[in-house]
Amino acid sequence: MLRITRFVAASLALHLIPLHAWADDPDWKVGQAHVKITPEHPLFMAGYASRNRPFEKVTTDLYAKALALEDRNGHVAVLVTTDLIGLSAAVAEPVCERLASKANLKREQILLSSSHIHTGPTLSLDPTPRDGRAAGDAQRTVEYTRRLQDQLEDVVLRSLEKREPARLAWGSGVANFVMNRREFTPSGVILGVNARGPADRSVPVLRIDGPDGKLRAVLFGAGTHNTTLTDSCYEICGDYAGFAQTHVEGKHPGVQAMFVLGCAGDSNPYPRGTMEIAKDHGAALGKEVCRVLESKLQPVRGPLSLAFGKADLPLQESPPRAVLEKQAKSKGGLQPWIAQQMLDRLDRGEKFPTHYEAPIGVWQFGEDLTLVGLSGEVVVDYVALLEKALGPNRLWPTAYCNDVFGYLPSARVLSEGGYETRGLYSGGIGLFDAKAQDVLVAKVRELAEKVGRVK
Ligand SMILES: [Zn+2]
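Rules used throughout
- Residues numbered from 1 in each chain as written.
- Predicted model: local features only at pLDDT ≥ 70, side-chain atom pairs only at ≥ 80, totals over all residues.
- Heavy atoms only, no water.
- Helix = DSSP H or I, 4+ residues; strand = E, 2+ residues; numbered from the N terminus.
- Buried < 20%, exposed > 50% of the residue type's maximum accessible area, 1.4 Å probe, protein only.
- Contact = heavy atoms within 4.5 Å.
- Expected span 1.5 Å × (residues − 1).
- Donors = N, O, S within 2.8 Å, 3.2 Å for Na, K, Ca; no water.
- Pairing = 2+ DSSP bridges.
- Salt bridge = Lys/Arg side-chain N within 4 Å of Asp/Glu carboxyl O.
- Phe/Tyr/Trp six-rings, centres within 6.5 Å; stacked < 30°, edge-to-face > 60°.
- Lys NZ or Arg CZ within 6 Å of the ring centre and 35° of its normal.
- Axes fitted to C-alpha atoms, helices over the stretch in contact; angles between N-to-C directions.
- Core = buried A, V, L, I, M, F, W, Y, C linked by side-chain atoms within 4.5 Å.
- Parallel < 35°, antiparallel > 145°, perpendicular 65-115°, else oblique.
- Left-handed = near helix turned anticlockwise from the far one by under 90°.
- Nonpolar A, V, L, I, M, F, W, Y, C, P; charged D, E, K, R; others polar.

Visitor: Quick question: what am I supposed to make of the overall build of the protein here?
Guide: Within the protein, the regular secondary structure consists of 10 helices and 21 strands. Its C-alpha atoms give the protein principal-axis dimensions of about 85 × 50 × 45 Å. For the protein, the residues scored as buried account for 57% of the 455 residues in total. Sequence separation of 24 or more characterises 77% of the internal contacts of the protein that already satisfy a separation of 6 or more.

Visitor: What's the story with helix α10 (residues 436-450) in this structure? I'm lost.
Guide: Quick reminder: α-helices carry 3.6 residues per turn. Residues three or four places apart thus point the same way. Under the 1.5 Å per step criterion, the end-to-end length of α10 is 21 Å for 15 residues, consistent within 8% with the ideal 21 Å. In the core, the buried residues of α10 are packed alongside β16 (304-314), β17 (355-365), β18 (369-374), α8 (381-390), β21 (407-408) and α9 (411-416). Two residues or fewer after α10 comes G452, characterised by a positive phi angle close to 90 degrees.

Visitor: So what exactly am I meant to see when it comes to the coordination of the zinc ion here?
Guide: Four donors placed tetrahedrally about a metal ideally form angles of 109.5 degrees, and six donors placed octahedrally ideally form angles of 90 or 180 degrees. H116 (NE2), H225 (NE2), E377 (OE) and Y407 (OH) make up the full set of protein donors to the zinc ion, lying at 2.0 to 2.7 Å. The sequence pattern describing where the donors of the zinc ion fall on their chain is H-x108-H-x151-E-x29-Y. On the criterion of sequence distance, the pair formed by H116 in the loop between β5 (110-114) and α3 (135-161) and E377 in strand β19 (residues 377-378) is long-range, its members being 261 residues apart. For the residue pair H116 and E377, the accessibility class agrees, reading buried in each case.

Visitor: So what exactly am I meant to see when it comes to the pairing of strand β20 (residues 395-398) here?
Guide: For a regular strand, side chains alternate in direction, first toward one face of the sheet and then toward the other. A two-sided burial pattern is seen for β20, the buried positions comprising L395 and P397 on one face and W396 and T398 on the other. Relative to β20, β18 is paired through four bridges, and the arrangement is parallel. Looking at β20, one finds that L371 is bridged to W396.

Visitor: Quick question: what am I supposed to make of the pattern of salt bridges here?
Guide: Two side chains with opposite charge may pair up if their charged atoms get near one another. Counted under the stated rule, the structure contains 29 salt bridges. Between D347 and R321 there is a salt bridge, and its shortest N-O distance comes to 2.8 Å. Remark: R321 occurs in helix α6 (residues 321-329) and D347 occurs in helix α7 (residues 335-347); sequence separation between them is 26 residues. Taking the shortest distance from any N to any O, the salt bridge between E416 and R412 comes out at 3.1 Å. On the criterion of helical spacing, the pair formed by E416 and R412 is a turn pair, its members being four residues apart in helix α9.

Visitor: Can you help me understand the pairing of β17 in this one?
Guide: In terms of burial, β17 is largely enclosed, as nine of its 11 residues are buried. Where β16 lies against β17, 11 bridges are found, and the strand directions are antiparallel. Across the sheet, P314 pairs through a bridge with H355, a residue of β17. Pairing of β17 with β18 involves six bridges; the strand directions are antiparallel. Looking at the pairing, Q364 lines up with T370 of β18. Hairpin geometry of β17 and β18 is characterised by an intervening segment of three residues between the two adjacent antiparallel strands and by a positive phi of about 50 degrees at G366.

Visitor: Explain the packing of aromatic side chains here, please?
Guide: The geometry of an aromatic ring pair is captured by two quantities: the separation of the ring centres and the angle between the planes. By the definition in use, this model includes eight aromatic pairs. Look at W170 and W396: their rings are 6.2 Å apart centre to centre, the planes differ by 15 degrees, and that puts the pair in the stacked class. Taken together, the positions of W170 in strand β6 (residues 164-174) and W396 in strand β20 put the pair 226 residues apart, joining distant regions of the chain. Comparing W170 with W396 shows no difference in burial state: the two are buried. Ring geometry for F220 versus F259: centroids 5.7 Å apart, planes at 70 degrees, classification edge-to-face. Taken together, the residues F220 in strand β11 (residues 215-222) and F259 in strand β13 (residues 256-261) connect sequence positions 39 residues apart. No difference in accessibility class separates F220 from F259, as the two residues are buried. One aromatic cluster in this structure is built from F177, F220, Y240 and F259. If you follow R53 out to its NZ or CZ, it ends over the ring of Y234, 3.7 Å from the centre.

Visitor: Looking at this structure, I do not really get the sheet that holds β20. What am I missing?
Guide: In a beta sheet, neighbouring strands are held together by backbone hydrogen bonds and run either parallel or antiparallel to one another. Read across the sheet, four strands follow the order β16-β17-β18-β20 without closing on themselves; strand pairing throughout is mixed. The sheet terminates laterally at β16 and β20, the two strands that pair on one side only. Strand-to-strand twist in this sheet, taken as the mean axis angle between neighbours without regard to direction, amounts to 15 degrees. Sitting on the sheet, α8 touches β18 and β20, and the angle it makes with β20 is about 140 degrees. In the packing of α10 onto the sheet, contacts are made with β16, β17 and β18, and the angle to β16 comes to roughly 160 degrees.

Visitor: Hey, could you run me through the nonpolar core in this one?
Guide: A general tendency of soluble globular proteins is for nonpolar side chains to be buried together. One finds V218, F220, L285, V289, L374 and F432 to be the most contacted residues of the largest nonpolar core, which totals 69 residues. Sort the elements by how many residues they give to this core and α10 lands first, with six residues. In this view, F220 contacts P204, V205, A244, Q245, V248, A257, M258, F259, V260, L285, V289 and W396; residues no more than four positions away in its chain are not counted. V76, V80, V95 and C96 belong to the second largest nonpolar core, which has 35 residues in total.

Visitor: Mind showing me how you'd approach the packing of α8 against α10 here?
Guide: Relative orientation and spacing of two packed helices are given, respectively, by the angle between their axes and the distance between those axes. Contact geometry of α8 with α10 gives a least axis separation of 10 Å together with a crossing angle of 45 degrees. In terms of their interaxial angle, α8 and α10 are classed as oblique. Of the two possible hands of crossing, α8 and α10 adopt the one that is right-handed. On α10, the residues touching Y382, L385, L386, A389 and L390 of α8 are A436, Q437, L440, V441, V444, R445 and A448. Among the residues forming the contact of α8 with α10, the class breakdown is 10 nonpolar, one polar and one charged.

Visitor: Sorry, what's going on with the packing of helix α4 (residues 239-251) against helix α5 (residues 275-293) here?
Guide: Across the interface, α4 lies against α5 with an axial gap of 7 Å and an inter-helix angle of 45 degrees. Accordingly, the angle class assigned to the pair α4 and α5 is oblique. Two packed elements cross with a definite hand, and for α4 against α5 that hand is right-handed. Between α4 and α5, the residues in contact are D239, Y240, F243, A244, H247, V248 and K251 and M275, A278, K279, H281, G282, A283, L285, G286, K287, V289 and C290, respectively. Of the residues contributing to the contact of α4 with α5, the split by class is 10 nonpolar, four polar and four charged.

Everything listed is a geometric property; what it means functionally is a separate question.
Take a look at the structure:
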């Protein structure tokens, strides 16, 4: 669209200003880059404790993808998506420090997210062999993780170099395979299927076009664990999110499709269990993203306003030793592992931390969209809590960003019990207190005020 004022018309007549200066300039400059992060050597896989050997084959490649955004005022932000279980602060923060020195990026300008696949490599910078693994396996995991850090730095720097004029727009679709997994049974809450339970089935889609209206990149989300593939799977695979990205990129050659995970802490895909089902969910999600791309989308304009902070989340007092000893002997899942870590600490005479600092990033796009990047495995209740705190519209809540330290249950989930109440599994050991919910929401609101989302 051309906005020709009398001044512009006069200037044009005099050939005083170049043509592009009056032709409704795009609000943004966007650059994108990707890198293959498929492990090249056999590694132990992340996500299911029961797997006892490295992966056996690569079924789909894994990627890290970066999207660099710059508004008209030169404010820059970079979002990185990864087909991985999740980056702990120990892995993510050194990458951010390098980007600070090499690209002058402040912490609020970076969001590092993961799709939380359970069919990718274990990540660790600690070479101590654990869980019955050989020293060589632990060493290979450290080597992979160090290389990953280099690749994350590189992909961000390349995305920044590629910034070109772009327009943004967004809309939302639906993913019907998203299922609450907290099943109530006479013996308590189990990991199962709860069709009456809350789940976020929205599929937010951000469309990135060149000034000519040609699609260049897509960022989309869904709100369920990438656990279609279960513990019997020894194949490297991006699960439904990987198949969905491939679907979109197949329909739009040359376009970079990127996936961010929502508040999926208590949600699994439904059904689940085979590679065929993972492909089906990926195709369904990819198809829905393509449908939304062609629908009427809302423009997303600048300016970009960014905030980053840490919610000081309170932890419970440690359970008594007898309870921990019982938990440590139970079978399966995280609980025995966490209980044993706590017992080891007690044996060493160490105190447990009283709080955990959970990073939060909030990105405000003009008056059009707020992207909230929570850390940890956040349960679905926080979607409603954030809608209440910030208003429900033009809001994109994501989780699994910057530090995947463990589950972040709501007060409701904590009172009911179940798998998602098992606390931290990296960066410290402990169980969240019910008060953590209000502390987290208050911190998001504070950051949302800072960026002008709420007053
Ligand atoms: Zn999980």
